[in-house]
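Chain residues, written in single-letter form:
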Amino acid sequence: MKIDLIFSATDIKREEVKNKAVVVIDTLRATSTIITALAQGCSKVIPVAEIKEARKLSKNLKKDCLLAGERQGIKIDGFDLGNSPRDYTAKKVAGKVIVLTTTNGTQCFKRLIETEEILVASLLNVEQVSARLESKKEVVFCCAGVAGQFALDDFITAGKIIAELVAESEVSLSDRALVAYQTYLQNKNGLRSILKRSQSGRNLISLGKEGDIDYIVEHQKDYLPYYENGEIK
Ligand code: MLT
């Protein structure tokens, strides 16, 4: 299996993802929120890039739809939910369609064209993702990053999935994938601490959302979301 990695949503190039299994990662927090929402029984998540587009879509869908998302980590005015996975309880989301727009995470999906398949990952579902990838020939991790820049939380999550794949299969790692793997190995006993020191971690702490980091490090969800035709299920 050949494994590559893309540092941020804005770096995604069509030829780098074409016909490959793609794994979208925004551990702090968009993909953690998506995994939690689906594991709690929401019927699907529709990721959209712009706030205006999200409002329009939710109006069209009307009932059974929740409008969710953030900008700079803060819930958008008038939206039902922000981007804190802990707020996505079964009571709130079961049976609902969630239209989600976030600063970086939801920006990845519209750029992924002609892929073999698209999986949604975070530290919450590493085992499910790696089990699915074992039979693949070419895998690309698409880290959401922050504003076009590398983000450690996504990178280290990719490294953890790569570590599972290295243990189970013959792999050939690009230099970017190799560094993600090594970074994970160096920090595997202190994931909570390194996430809290990362830029996204520090931002969440400053917003009073440190508990989201603890939740993401401590929990495992038995759910592997797929993105297809504009929807995540
Ligand atoms: C994003 O998509 O930029 C993040 O998930 C931001 C956040 O943590 O709310």
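So, a few notes on the structure that sits alongside this text.

Conventions adopted
Residues numbered from 1 in each chain as written. Predicted model: local features only at pLDDT ≥ 70, side-chain atom pairs only at ≥ 80, totals over all residues. Heavy atoms only, no water. Helix = DSSP H or I, 4+ residues; strand = E, 2+ residues; numbered from the N terminus. Buried < 20%, exposed > 50% of the residue type's maximum accessible area, 1.4 Å probe, protein only. Contact = heavy atoms within 4.5 Å. Areas by Shrake-Rupley, 256 points an atom, 1.4 Å probe, with all protein chains shown as cover. Lys, Arg positive; Asp, Glu negative; His and termini not counted. Charge placed at Lys NZ, Arg CZ, Asp CG, Glu CD. Phe/Tyr/Trp six-rings, centres within 6.5 Å; stacked < 30°, edge-to-face > 60°. Near = heavy atom within 4 Å. Polar contact = N/O pair within 3.5 Å; in protein donor to acceptor, adjacent residues only side chain to side chain. Nonpolar A, V, L, I, M, F, W, Y, C, P; charged D, E, K, R; others polar. Disulfide = S-S within 2.5 Å. Core = buried A, V, L, I, M, F, W, Y, C linked by side-chain atoms within 4.5 Å. Salt bridge = Lys/Arg side-chain N within 4 Å of Asp/Glu carboxyl O.

## Quick look at the overall build of the chain
Logical step 1: Along its length, the chain carries 10 helices and 11 strands.
Logical step 2: Dimensions of the chain, computed from C-alpha atoms along their principal axes, come out at roughly 50 × 35 × 30 Å.
Logical step 3: Evaluated residue by residue, the chain yields a buried proportion of 53% over its 233 residues.
Logical step 4: Residue pairs at least 24 apart in sequence account for 77% of intrachain contacts in the chain once pairs closer than 6 positions are excluded.
Logical step 5: Total accessible area on the chain stands at roughly 10,600 Å², and carbon and sulfur atoms take up 45% of it.
Logical step 6: Here the chain contributes 34 positive and 31 negative side-chain charges, whose respective centroids are spaced 6 Å apart.

## Some words on the packing of aromatic side chains
Logical step 1: In this structure the tally under the stated criterion is four aromatic pairs.
Logical step 2: For the ring pair Phe7 and Phe155, a centre distance of 6.0 Å and an interplane angle of 40° mean the geometry is tilted. Placement of Phe7 in the loop between β1 (2–6) and α1 (14–17) and of Phe155 in helix α6 (residues 152–168) is noted, with a sequence separation of 148 residues between them.
Logical step 3: Among the residues examined, Phe7 registers a relative accessible area of 29% and is labelled partly exposed.
Logical step 4: Residue Phe155 is classed as buried on the basis of its relative accessible area of 5%.
Logical step 5: Here a set of aromatic residues connected by ring pairs shows up, and it is made of Phe7, Phe150 and Phe155.

## A look at the environment of Ala121
Logical step 1: Mapped onto the secondary structure, Ala121 falls in strand β7 (residues 117–121).
Logical step 2: When the C-alpha atoms of Ala121 and Ile161 are compared, they prove to be 9.2 Å apart, with 40 residues separating the residues in sequence.

## A look at the site of the ligand
Logical step 1: If you check the shell around the ligand, you find Asp26, Leu28, Arg29, Ala30, Glu70, Gly73, Asn83, Thr102, Thr103, Asn104 and Gly105 and nothing else.
Logical step 2: Arg29 has a polar side-chain atom sitting 2.7 Å from an oxygen atom of the ligand.
Logical step 3: At a separation of 2.7 Å, an oxygen atom of the ligand approaches a polar backbone atom of Gly105.
Logical step 4: Classifying every residue of the shell around the ligand gives two nonpolar, six polar and three charged.

## Looking at the state of the cysteines
Logical step 1: All told, the structure shown has zero disulfides when counted by the stated rule.
Logical step 2: As a non-bridged cysteine, Cys65 has Cys42 as the owner of its nearest cysteine sulfur, 10 Å distant.
Logical step 3: Accessibility expressed as a relative area gives 12% for Cys65, which makes it buried.
Logical step 4: Among the cysteines around Cys142, which has no disulfide bond, Cys108 carries the closest sulfur, lying 6.2 Å off.
Logical step 5: The class for Cys142 is buried, based on a relative accessible area of 0%.

## What to know about helix α10 (residues 210–218)
Since there are 3.6 residues in each turn of an α-helix, residues three or four apart along the chain are aligned in direction.
Logical step 1: For α10, every residue scored as buried is listed here: Asp212, Ile213, Asp214, Tyr215 and Ile216.
Logical step 2: Along its buried surface, α10 packs onto α2 (30–39), α8 (191–197) and α9 (199–206).

## Let's talk about the nonpolar core
The nonpolar side chains of a soluble globular protein tend to be buried, and buried together.
Logical step 1: In terms of nonpolar packing, the biggest core is built from 65 residues, with Val23, Val45, Ile98, Leu133, Phe141 and Ile161 touching the most fellow members.
Logical step 2: Of all the elements, α6 adds the most residues to this core, at seven residues.
Logical step 3: If you look at the next biggest cluster of nonpolar residues, it comprises nine residues, including Val48, Leu67, Val97 and Val99.

## A word on the pattern of salt bridges
Logical step 1: Across all of its chains, the model carries 14 salt bridges by this definition.
Logical step 2: Notably, a salt bridge pairs Glu117 with Arg132, separated by 2.8 Å at the nearest N-O pair. Here Glu117, found in strand β7, pairs with Arg132, found in helix α5 (residues 126–133); they are 15 residues apart in sequence, far enough to count as distant.
Logical step 3: You can call Glu117 buried: its relative accessible area is 13%.

## Here we look at unusual backbone geometry
Logical step 1: Geometrically, the link from Leu28 to Arg29 is a cis peptide bond, its omega value of 5° lying close to zero.
Logical step 2: As for its placement among the helices and strands, Arg29 is situated in the loop between β2 (21–25) and α2.
Logical step 3: Phi at Gln72 takes a positive value of approximately 55°, unusual for a residue other than glycine.
Logical step 4: Among the structural elements, Gln72 can be located in the loop between β4 (65–71) and β5 (74–75).
Logical step 5: A relative accessible area of 57% places Gln72 in the exposed class.
Logical step 6: Positioned with a positive phi, Ala147 is a non-glycine residue whose angle comes to about 50°.
Logical step 7: Along the polypeptide, Ala147 turns up in the loop between β8 (138–143) and α6.
Logical step 8: Accessibility expressed as a relative area gives 63% for Ala147, which makes it exposed.

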